[in-house]
Amino acid sequence: MTEKTFHEEYYKLKEKKNHKYYIDLAIKESNNSNGGPFGAIIVKNDEIISYGNNQVTVLNDPTAHAEMIAIRNACKNINNFSLEGCTLYTSCEPCPMCLSAIYWARIDKVYYANSREDAASIDFDDNEIYEEVRKDIKDRKIEMIKIKDTNAYETFEKWKNNMLKIKY
C-alpha cells in the first residue's frame, strides 16, 4: 500500500465514522421527539449547527417535521437563509415537503437512516404526495384554481426590477 493509498483509506474510514456518529445523533433526536419518530441534525465544517425533531402534534403544525425544524434552527443560528456547505443527517428519508426545503436551503448532501418504505410501514406514507406532484395540476386530488384578471403579476414585476432585493 502506498502512502497516498493509506491516507485515502484513513480519511474514508474517518469520514465513515463521522457519518455514523452524526446519523446516530439524528436517531437520538428522533427518540427524543414528542411529535413523531423523526430527528435531524445539520452539520457545517464538522460542527453541528442545529438539531430538530418532529413537533407536528406538539405545535399543531403540519410543517414541523424534524428536517424543517433543523433547517429553521440552522438558518437562525448562522443568520443566513443559505445552508450551502451543510450536510443534513436525518433518521428517515425526507418527505416531499422536507426535500423541497432542503433544495431551497441549498443543503449539499443528505444522509438518512430509514427509507420512505420503512416510514410507510408505520403509517407515515408519503406516496400519495409523490404521486400528486407528478400529476397535471387539473388532475390533482386537491382542486387548484387559478384566478385570472388580477394584478398579482405586478408584484412579481416590482420584485424583478427591485435593485435592492436579496436573491434566494
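As the structure is a prediction and not an experimental result, all values here were calculated from the model.

Trainee: I'd love a proper account of the overall build of the chain, names of residues and values included.
Mentor: Within the chain, the secondary structure is distributed over seven helices and four strands. In sequence order, the secondary structure elements of the chain are arranged as α-β-β-α-α-β-α-β-α-α-α. Relative to the 2.2 N^0.38 estimate, which gives 15 Å for 168 residues, the radius of gyration of the chain is 20 Å and therefore markedly larger than a compact globule would have. Projecting the C-alpha coordinates of the chain onto the three principal axes gives extents of approximately 70 × 45 × 30 Å. Taking all 168 residues of the chain together, the buried fraction comes to 32%. Approximately 12400 Å² of the chain is accessible, and the part contributed by carbon and sulfur atoms is 53%. Taken as two groups, the 24 positive and 27 negative side-chain charges of the chain have centres that lie 5 Å from each other.

Trainee: Describe in detail the sheet that holds strand 2 (residues 47-53), supporting the description with residues and values.
Mentor: In spatial order, the strands read 2-1-3-4; together these four strands make up an open sheet with mixed pairing. The open sheet has two edge strands with one neighbour each: strand 2 and strand 4 (109-114). Neighbour-to-neighbour, the strand axes of this sheet turn through a mean angle of 15°, independent of strand direction. Across five bridges, strand 1 (residues 39-44) lies against strand 3 (residues 86-92) in antiparallel orientation. Looking across to strand 3, one finds that K44 is bridged to C86. Packed on one face of the sheet, helix 3 (residues 66-78) meets strand 1, strand 2 and strand 3 and runs near 140° to strand 2.

Trainee: Go over the packing of helix 3 against helix 4 (residues 96-105), please, and point to the residues and values.
Mentor: Put simply, helix 3 and helix 4 touch, their axes get as near as 9 Å, and they point 20° apart. One way to sum up the angle between helix 3 and helix 4 is to call them roughly parallel. Of the two elements, helix 3 crosses helix 4, and the hand of that crossing is left-handed. Listed contacts from helix 4 to E67, M68 and I71 of helix 3 are M97, C98, A101, I102 and A105.

Trainee: Requested: an account of the packing of aromatic side chains, with residues and values cited.
Mentor: Scanning all chains against the criterion turns up seven aromatic pairs. Ring centres of Y22 and Y89 lie 5.1 Å apart, and the angle between their planes is 45°; this geometry places the pair in the tilted category. With Y22 in helix 1 (residues 3-31) and Y89 in strand 3, this residue pair connects regions lying 67 residues apart in the sequence. The same class applies to Y22 and to Y89, which are both buried. An angle of 70° between the planes, with centres 5.7 Å apart, marks the rings of Y153 and F156 as edge-to-face. Separated by three residues within a single helix, Y153 and F156 lie in helix 7 (residues 152-161), roughly one turn from each other. Among the aromatic residues, ring-to-ring pairing joins Y21, Y22, Y89 and Y111 into one connected group. Seen from the ring of Y130, R116 lies directly overhead, with NZ or CZ sitting 3.9 Å from the centre.

The rules behind each value
Residues numbered from 1 in each chain as written. Predicted model: local features only at pLDDT ≥ 70, side-chain atom pairs only at ≥ 80, totals over all residues. Heavy atoms only, no water. Helix = DSSP H or I, 4+ residues; strand = E, 2+ residues; numbered from the N terminus. Rg over C-alpha atoms; globule rule 2.2 N^0.38 Å. Buried < 20%, exposed > 50% of the residue type's maximum accessible area, 1.4 Å probe, protein only. Areas by Shrake-Rupley, 256 points an atom, 1.4 Å probe, with all protein chains shown as cover. Lys, Arg positive; Asp, Glu negative; His and termini not counted. Charge placed at Lys NZ, Arg CZ, Asp CG, Glu CD. Pairing = 2+ DSSP bridges. Axes fitted to C-alpha atoms, helices over the stretch in contact; angles between N-to-C directions. Contact = heavy atoms within 4.5 Å. Parallel < 35°, antiparallel > 145°, perpendicular 65-115°, else oblique. Left-handed = near helix turned anticlockwise from the far one by under 90°. Phe/Tyr/Trp six-rings, centres within 6.5 Å; stacked < 30°, edge-to-face > 60°. Lys NZ or Arg CZ within 6 Å of the ring centre and 35° of its normal.

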